[in-house]
Amino acid sequence: MRCLECNKEITHLSNEHLNECCGLTLQEYAIRHHISLDLLVSESMVAAKDNSASFSLPSRQPDARAQSVMAALVLMDAFEQQQEFLVLNSEVRRLDQLLWYLRELQVYGFQYRQEYTYTDSSHRVIANNCIKTMRAYEHKFPDADLIADVELYTAVVVAQAGEIHSDYVFLSLPESKPVENFIEQLTQNYQIRWIRLNSYNKPDHVLYRTESLEDAQRLLQLVKTHLQEIPCASDRFFAQTANAVVSKELVFDSAHFITDHPGKCENLHGGRYNLNVKVGGRIDPLTGFVIDYGYLKSVVKQRVINRLDHQTLNFVCADLGWRSSTELLNIFIWEQLIDYLPGLQELQTYETTQSYCVYKGPSLEQIQKGELPDVLKHFSRPELGKSLLRKLLRSEQIKDLKVVSQ
Ligand SMILES: [Zn+2]
């Protein structure tokens, strides 16, 4: 066969050949030349067992730099245990970032692997890129809160666990005391404030979002030099890429009634609502997504659908108690989602195929400045019932009111 990179005739294509001729891995070669990986990987390479005898621990001690990178990975619980190995997995798009870790963590005995598996569910060969070391070397690892170099440590956390959406930085981190301390220190020492959100896609994790755009800027300023040094991280946080809008449709069944409405809708009745949630923003060069549809679905499902589906909308919250119109419903839904989806652009709620409402609410920044639509708030205002006119309800005349019945 002929190598499509160097044009030489070779007996078979291997990582060893590619390493010499172009520096690609087999998986990257397969992607670049749009060839199925199954054709490039021999049977003996699939599910091959790793050889622990090829690992060794350098005798030198980790310096402050290696310790900072390692402690950040320990904080994020980034390693997976596989038999006698500790493994840090990576997506192929971030291969250079993984190799940066390999260089920084050599003192802990790490080696790079591209491993191949075939499963009945995938029906094809899947490659996994990782660096791994022996569990026996774990005693050398620093504690999660050993922060020798704060800027480097923070940059590794942001590069590994961070995403940026509409200029807000999100960190998905394990729920743990060291993580809480880390977040608290960023607030105390660098005035970077955070909102703690539910993690809807990773169990035992917490989603931290920079409270404001200014907090995100302070964070990125703190770690900018190091993020530019960590391959792929600068793409994610600083590269200019195209914008797009994605939309997810979800359905829920609810009952409702419209108070004081001269028509059939005054009566309790049910229907199927179609909700379209549109989120816009920059396409993340590391994922190829504005936002993952699966993640978008799980946020909308847990923030909104689970609260509305098979419920009477009027009894979901005070705002809808009076009028559960699609207009007010959209305002309610917007307020449930905006903390998680700062790129939220538009909601469309269909009550029937012929009747629907389109709503574009305030941005997260406007909401933080108190610019909330107050159309919803009449029945939850503290001053409701406090007007002087309410005295009429308690006055003498009220005794003269008659109860009218048929
Ligand atoms: Zn070649």
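Here the structure is shown first, and the text comes after it.
A. Representation of the coordination of the zinc ion. Looking at the zinc ion, the protein donor atoms are C3 (SG), C6 (SG), H17 (NE2) and C21 (SG), and they sit 2.1 to 2.4 Å from it. What the four donor atoms of the zinc ion show is an angle range of 100 to 117° at the metal, which sorts the shape as tetrahedral. Judged by relative accessible area, H17 falls into the buried class, the value being 17%.

B. Spotlight on the nonpolar core. Within the largest apolar cluster, 52 residues are counted, with the highest numbers of intra-cluster contacts made by V156 and L173. Ranked by residue count, the leading element in this core is helix α5 (residues 150-161), at eight residues. Residues from two domains meet in this core; each of domain 1 (15-134) and domain 2 (150-238) gives at least three. Other than its neighbours up to four places away in sequence, V156 contacts V69, A72, L73, M76, W100, Y101 and I230. F170, L197, V299 and V300 belong to the second-largest nonpolar core, a separate cluster that totals 41 residues.

C. Inspection of the pattern of salt bridges at higher detail. Here the structure, examined in full by the defined rule, presents 21 salt bridges. Taking the shortest distance from any N to any O, the salt bridge between R113 and D50 comes out at 2.9 Å. Here D50 lies in the loop between α2 (26-32) and α3 (64-75) and R113 lies in strand β3 (residues 111-118), a separation of 63 residues in the sequence. Residue classification places D50 among the buried residues on the basis of a relative accessible area of 16%. For R218, the salt bridge goes to D215, with nearest N and O atoms at 2.8 Å. Here D215 and R218 lie together in helix α7 (residues 213-229), a separation of three residues that amounts to about one turn. With a relative accessible area of 33%, R218 lands in the partly exposed category. Overlapping salt bridges bring together D50, R113, E115 and K132 as one network.

D. A look at the packing of α5 against α7. Between α5 and α7, whose axes approach to 8 Å, the crossing angle comes to 90°. The angle between α5 and α7 places the two elements in the roughly perpendicular class. The segment α5 lies against α7, with E151, L152, T154, A155, V158 and A159 engaging L219, L222, V223, H226 and L227. Its residues assigned to classes, the contact of α5 with α7 comprises eight nonpolar, two polar and one charged.

E. Looking closely at the pairing of strand β10 (residues 269-282). For strand β9 (residues 243-256) and β10, the ladder comprises 14 bridges, and the chain directions are antiparallel. Its bridge partner being in β10, A244 is matched across the sheet by G281. Strand direction decides the pairing type here: β10 and strand β12 (residues 344-350), joined by six bridges, are antiparallel. Across the sheet, the residue bridging to V277 is L347, located in β12.

Here is what the cut-offs are and how they apply
- Residues numbered from 1 in each chain as written.
- Predicted model: local features only at pLDDT ≥ 70, side-chain atom pairs only at ≥ 80, totals over all residues.
- Heavy atoms only, no water.
- Donors = N, O, S within 2.8 Å, 3.2 Å for Na, K, Ca; no water.
- Tetrahedral: all angles 85-135°; square planar, octahedral: opposite > 155°, others 65-115°.
- Buried < 20%, exposed > 50% of the residue type's maximum accessible area, 1.4 Å probe, protein only.
- Core = buried A, V, L, I, M, F, W, Y, C linked by side-chain atoms within 4.5 Å.
- Helix = DSSP H or I, 4+ residues; strand = E, 2+ residues; numbered from the N terminus.
- Domains from an automatic or database assignment.
- Contact = heavy atoms within 4.5 Å.
- Salt bridge = Lys/Arg side-chain N within 4 Å of Asp/Glu carboxyl O.
- Axes fitted to C-alpha atoms, helices over the stretch in contact; angles between N-to-C directions.
- Parallel < 35°, antiparallel > 145°, perpendicular 65-115°, else oblique.
- Nonpolar A, V, L, I, M, F, W, Y, C, P; charged D, E, K, R; others polar.
- Pairing = 2+ DSSP bridges.

Geometry only, nothing functional implied.
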